[in-house]
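If you want the building blocks of each chain, they are given just below.
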Amino acid sequence: MGKETSPKQTMAYTVEQLVALNPYNPDILPDLEAYVNEQVSSESYSLDANLCLLRLYQFEPERMSTQIVARILVKALMAMPAPDFSLCLFLIPERVQMDDQFKTLIMLSHYLETARFRQFWDEAAKNRSIVEVVPGFEQAIQNYAIHALSLTYQKVPRAVLAEAINIEGPAFDKFLEHQVANYGWVIEKSQGRGQVIVLPRTEFNHPELKKSSSDGIPLENITKIFPILG
């Protein structure tokens, strides 16, 4: 017996087909709006479908739902470091961007892009009604903050990491225990600085791990190409 398709899978497949076959047909607006709400409730994500909806709003401005647009932008923020937020914002008219909720989301995006995490969390706390309607928002931003730190640092002071991910006290201790047990983090004691978190080695915080382009193709494979080119 074949594998059954869940309602969520069916809806995703249907929306993908609608976007592929009717990208400029305003009749699919209700389906795309419903799919945004489906992405929120199921914690899924489709940039292509959301961009298609924003393009249709450009042709049908009177049908634009600012609530739906705000949810699209929040989901795009959660996708960082991907440039989804900028891609979506480009399709939103400037007059709409002047709305307070969109000005807030643009500010939050700027704080994330510049790694000003303390300012980000402070601003997000003042606007919970905008960001907390999308489940998983806080965790997605925490993951991005860790990613951003790991691009630069091999070791991060405990206080810096706690501020970046907006967790403190016993909850932060529990978080660290989980990371140490599952993701190879190491906790060191630094003289005069308290705890220091050693992040996993990557080609970003340990450049010597980055392979040179010549490492990717063995020499014997390159020599085989020459007769073909000739």
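Residue indices begin from 1 for each chain and proceed along its sequence in written order. Only residues with pLDDT of at least 70 get local features here, since the model is predicted, and only at 80 or more are side-chain atom pairs given and counted; chain-wide, interface and lining totals rely on the full set of residues. Hydrogen atoms and water are omitted, and side-chain values are computed over all heavy atoms in the structure.

Draft legend 1. Quick look at the packing of helix H4 (residues 66–78) against helix H7 (residues 100–113). Following both chains from N to C, one finds H4 and H7 inclined at 5°, their axes separated by 11 Å at the closest point. When the interaxial angle is binned, H4 and H7 end up roughly parallel. In this structure, H4 uses Thr66, Val69, Ala70, Leu73, Val74 and Leu77 to contact H7, whose residues at the interface are Gln101, Phe102, Leu105, Leu108, Ser109 and Leu112. The nonpolar class holds Ala, Val, Leu, Ile, Met, Phe, Trp, Tyr, Cys and Pro. Asp, Glu, Lys and Arg form the charged class, and all remaining residues, Gly among them, are polar. For the contact of H4 with H7, a count of residues per class yields nine nonpolar, three polar and no charged. For helices, the fitted line uses only the C-alpha atoms of the stretch in contact; every axis is such a line through C-alpha atoms, and the angle between N-to-C directions lies from 0 to 180 degrees. Under the scheme used here, helices are H or I runs from DSSP no shorter than 4 residues and strands are E runs no shorter than 2 residues, and both carry numbers assigned from the N terminus. Every angle not falling under 35 degrees, over 145, or within 65 to 115 is termed oblique; those three ranges are roughly parallel, roughly antiparallel and roughly perpendicular. Throughout, a residue-residue contact means that at least one pair of heavy atoms, one from each residue, lies within 4.5 Å.

Draft legend 2. Structural detail: the packing of aromatic side chains. Only the six-membered ring of Trp is used, alongside the rings of Phe and Tyr, when aromatic pairs are assigned; centres must lie within 6.5 Å, and planes under 30 degrees apart are stacked while those over 60 apart are edge-to-face, with the rest tilted. The tally for this structure, following the rule as stated, stands at six aromatic pairs. Where Tyr24 meets Phe59, the ring centres are 6.2 Å apart and the plane angle is 80°; that geometry is what we call edge-to-face. Here Tyr24, found in the loop between helix H1 (7–21) and helix H2 (29–42), pairs with Phe59, found in helix H3 (residues 47–59); they are 35 residues apart in sequence, far enough to count as distant. Of the two residues, Tyr24 and Phe59, both sit in the exposed class. The buried label goes to any residue with under 20% of its type's maximum accessible area, the exposed label to any with over 50%, and the partly exposed label to all in between, with areas taken from a 1.4 Å probe on protein chains only.

Draft legend 3. A look at helix H12 (residues 169–183). Relative to the 21 Å expected for 15 residues at 1.5 Å per residue, H12 spans 21 Å between its end C-alpha atoms, a close match to the ideal helical length. The set of residues buried in H12 consists of Phe172, Phe175, Leu176 and Gln179. Down the axis of H12, the buried set is contained in an arc of 100°. They therefore lie on one face. Seen from the open side of H12, the exposed residues pointing more than 90 degrees away from its buried face are Pro170, Lys174, Glu177 and Ala181. Any helix carries an expected span of 1.5 Å times its number of residues minus one. Read the arc as the range of directions from the helix axis to the C-beta atoms.

Draft legend 4. Fine view of the confidence of the model for the protein chain. For the protein chain, per-residue confidence averages 86 on the pLDDT scale, and 81% of positions sit at 70 or higher. Confidence of the prediction at every residue is given by pLDDT, a number between 0 and 100. pLDDT under 50 marks residues 1–10. Its contacts with residues more than four places away, or in other chains, come to four contacts. Between residues 221–230, whose pLDDT stays under 50, and residues either more than four places distant or in other chains, the model counts one contact.

Draft legend 5. Spatial organisation of the nonpolar core. Definition used in this section: a nonpolar core is a set of buried Ala, Val, Leu, Ile, Met, Phe, Trp, Tyr and Cys residues joined via side-chain atoms within 4.5 Å. Core analysis: the largest hydrophobic core is formed by 66 residues, its most contacted members being Leu32, Leu105, Phe120 and Leu161. At nine residues, H4 tops the list of elements feeding residues into this core. Not counting residues within four places of it along the chain, the set of residues in contact with Leu32 comprises Val15, Val19, Ala49, Cys52, Leu53 and Leu56.

Draft legend 6. Representation of unusual backbone geometry within the structure. Following Met80, the chain continues into Pro81 via a peptide bond in cis, with omega recorded as 20°. Summarising the element assignment, Pro81 is placed in the loop between H4 and helix H5 (84–89). For Glu43, which is not a glycine, the phi torsion comes out positive at approximately 55°. Checked against the element boundaries, Glu43 lands in the loop between H2 and H3. Taking the relative accessible area as the measure of exposure, Glu43 reaches 52% and is therefore exposed.

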